[in-house]
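Geometric and topological summary
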Amino acid sequence: MSDIIHLLPDSIANQIAAGEVIQRPASVVKELIENSIDANAKHIQISIKGAGRTLIQVVDDGKGMSGTDARMAFERHATSKIEKADDLFALTTLGFRGEALPSIAAISHVEVKSRRAEDELGTLLFISGSKFEKQEFVSSGIGTSISVKNLFFNVPARRKFLKSNETERRNILSELERIALVYPDIEFTLIENDIETIHLPITGLKQRIALLQGKNIIQQLIEIEENTTLGRVYGYVSRPEFAKKRSANQFFFVNNRYIRHSYFHRAVMTAFEQLISPNEKPSYYIYIEVDPDSIDVNIHPTKTEVKFENEQALWQILMVTIKESLGRFNAVPSIVFDRSDAPEIPIYDPSRASSMPKVNVDPSYNPFKTSYTETHRPSAPSYDWEKLYEKFENDTSLTVVNESDTTASLLSSNTVDAFVADSEHYPEHYQYKHKYILTSVKSGLMIIDQHKAHIRILFDKYLEQIINKRGISQRVLFPEVIELSASEAVALDSINYDLEALGFELSNLGNNSYAIQGVPSEIDNNNPVQLIHSMINISIKTGSDVKLKIQESIALQLARQTAIPYGRKLTAEEMVLFVSQLFASPIPSYTPDGQRVLSLIPDDDIEKKMH
Ligand code: ADP
Ligand code: MG
């Protein structure tokens, strides 16, 4: 029997390769545009007919090809972009395999016209089904035009596999979008069935995003930027309140190439974790630039998956960068209180029977005890309740009920002084069902959830205390003893420093038992043993070595336990203070775990309801 192994003819090898590289019209569009970009084109025009089945033409003003090169370009593994294996690790071009043009030519009718600046005449070349048809000189502009007609004409199985025109068109648009988002300095024009449907002039990145996604996106984006020795991360993420229930625009690009990266995606989601609810999705356009030899783009022929050498470190950089930007760029639209038509504090009406104001003073309340006063006024607390009550006695519309330590801790002395001095200039917020604060803002009626708002206020405060070690400890007369398991004791070691920063003081009694000698002054009514247990368990569950994350969990836990509950009546000045403290937060609209704190009924909606 004779030997049975023989080499496949190039035409068949190319068809097989085409199966990998060219799955649909959109793949052709992508490969041709990438070639134009690699050829330094500044203007690229794409024409499509029949959703790319009938015609895909890409015309560029790049550097063009010589007659020989144009012919060579269609040979398998013919490329001008790498010469030796080492070049693979220093890639700066989008293509490098030399596979696209021969693959495309194997399954369609291709026409190439190209001219370099230094040549007087250009080249016109025809290839169909890998078969070279003819080549001639032609007069043409500088650059390259490649037309791909009748895609898959000789692979009926592939042709059948194509989806509806609408789907194929959408795929083309999304390939174009992924490329256009990286090259705002290149002009793109898309012509579909002889009609220009997309025109993207040369602009900046933000403008390019707006042209592709609608101009409303501009105000929704927050810029991110970080340079490190491992690489540069920049781009935009959406403000948390613009997160979407359904599909969001989420793009990663590495070294100018669109990629998918589920691990980095999780870094973004972690940064947003406490700002949006779990079923919402932020949009992002994130560009990562790293040393080309620290990535491997070679693991997938269509190259949307990329392996990074420093994946974990980049994860951290990404997460922290986004988190910081979200915090820094006050992640909500700025709230301007509408004083002009704010309801005035009701004026005393002598015709109405008036009663003595109810003033329930908590006799155990000690203004000298709150850490708040002390941190803000290191010298002496000047919180003058006498003066405050005197003021209220003359104002029947204000009722001070049931002062407690918790609400008192809301009141920073400075702001109360300001209120007393200048009460008529404050809008009077209105408390609804002992649950919501309603207030008038420029664009409508704002509804604030009192419990959740207080969680946000306290969380910010506790986190600040932990980070700046500002918590004030209150010594306990009869220390309770907390007994921990061995693993809890280990976990306690790692968070003890943060607990101390908050004001907890634990002394080790041996055998994993600790005496609680001091507690943060805010937690009076809470069981400290239970609080410490839950904070230890949260840090175990978080299992993170990201310190900030553990600190946030602790701050959140404490904020939840100590926030004013629903059903608590708030006084007018408490509400003023409450609202001003809430809006001092960089992120007032959501609790740290992503629950909505406030909501706005726009004026338009109110108008509509009233007609
Ligand atoms: P690769 O891009 O991986 O090198 P291709 O098959 O896509 O492989 O292209 C082969 C070669 O043809 C490229 O390396 C380049 O030299 C040349 N080429 C392709 N398209 C263009 C173009 N639009 N302008 C100039 N040269 C091009
Ligand atoms: Mg290419």
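Residues numbered from 1 in each chain as written. Chains lettered and ligands numbered in written order. Predicted model: local features only at pLDDT ≥ 70, side-chain atom pairs only at ≥ 80, totals over all residues. Heavy atoms only, no water.

Thoughts on the overall build of the protein chain
Stated formally: A helix here means a DSSP run of H or I that spans at least four residues, while a strand means a run of E at least two residues long, and both kinds are numbered starting from the N terminus. Remark: exposure states derive from per-residue accessible area (1.4 Å probe, protein chains only) relative to the maximum for the residue type, with buried under 20%, exposed over 50%, and partly exposed in between. Contacts are assigned to residue pairs with any non-hydrogen atoms lying within 4.5 Å of each other. Note on areas: Shrake-Rupley, 1.4 Å probe, and residue coverage restricted to the protein chains presented here.
Looking only at helices and strands, one finds 19 helices and 22 strands in the protein chain. Every one of the 611 residues in the protein chain was classed for burial, and the buried ones make up 49%. Counted over contacts in the protein chain with a minimum sequence separation of 6, partners at least 24 positions apart contribute 72%. For the protein chain, the exposed area adds up to about 30000 Å²; of that, 52% sits on carbon and sulfur atoms.

Some words on the site of ligand 1
Put simply, the rule reads: Working definition: residue near molecule or strand if any one of its non-hydrogen atoms lies within 4 Å of it. Polar contact is defined as a pair of N or O atoms within 3.5 Å, subject to the rule that within protein one atom must be able to donate a hydrogen and the other to accept it, and that residues adjacent in sequence are counted only when both atoms are side-chain atoms. Following the grouping adopted for this structure description, the nonpolar residues are Ala, Val, Leu, Ile, Met, Phe, Trp, Tyr, Cys and Pro, the charged ones are Asp, Glu, Lys and Arg, and the polar ones are all others, Gly among them.
Taken together, 20 residues are adjacent to ligand 1, and N35, T79, S80, K81 and G98 come closest. Between ligand 1 and N35, the relevant distance is 2.8 Å, taken from an oxygen atom to a side-chain nitrogen or oxygen of the residue. At 2.7 Å, a side-chain N or O of K81 approaches an oxygen atom of ligand 1. If ligand 1 stood free it would expose 530 Å²; the protein chains cover 93% of that surface. Listed by contribution, the elements that provide at least two residues to the shell around ligand 1 are α2 (25-38) and α4 (100-106). With 3 residues, the single largest contributor to the shell around ligand 1 is α4. Partitioned by chemical class, the residues of the shell around ligand 1 number 8 nonpolar, 8 polar and 4 charged.

Some thoughts on the packing of aromatic side chains
Here is the rule: Ring geometry is summarised as follows: Phe, Tyr and Trp rings, the Trp one being its six-membered ring, pair when their centres sit within 6.5 Å, and such pairs are stacked at plane angles under 30 degrees, edge-to-face over 60 and tilted between the two. Comment: the charge-over-ring label is applied if NZ (Lys) or CZ (Arg) is within 6 Å of the ring centre and within 35 degrees of the ring normal.
Here the structure, examined in full by the defined rule, presents 11 aromatic pairs. Put simply, the rings of Y234, F251, F253, Y258, Y285 and Y287 touch in pairs and so form one group of aromatic residues. Note that R71 overlies the ring of F132, its terminal NZ or CZ placed 3.5 Å from the centroid.

Side note on the confidence of the model for the protein chain
Note the cut-off: The predictor's confidence in any single residue is recorded as pLDDT, a number from 0 to 100.
In this model, the protein chain carries an average pLDDT of 79, and 81% of its residues clear a pLDDT of 70 or more. Here residues 331-426 is a poorly scored stretch, pLDDT under 50, and it has 148 contacts once near neighbours within four places are set aside; other chains count.

Considering the pattern of salt bridges
Oppositely charged side chains are able to pair whenever their charged atoms sit close together. Under the convention used in this document: The salt bridge definition used is simple: a Lys or Arg side-chain nitrogen within 4 Å of an Asp or Glu carboxyl oxygen.
Applying the stated criterion to the full structure yields 18 salt bridges. For R232, the salt bridge goes to E225, with nearest N and O atoms at 3.1 Å. Given the relative accessible area of 26%, R232 is considered partly exposed. Across the pair D449 and K452 runs a salt bridge, and its minimum N-O distance is 4.0 Å. A residue is classified by how much of its surface remains accessible, and D449, at 6% relative accessible area, is buried.

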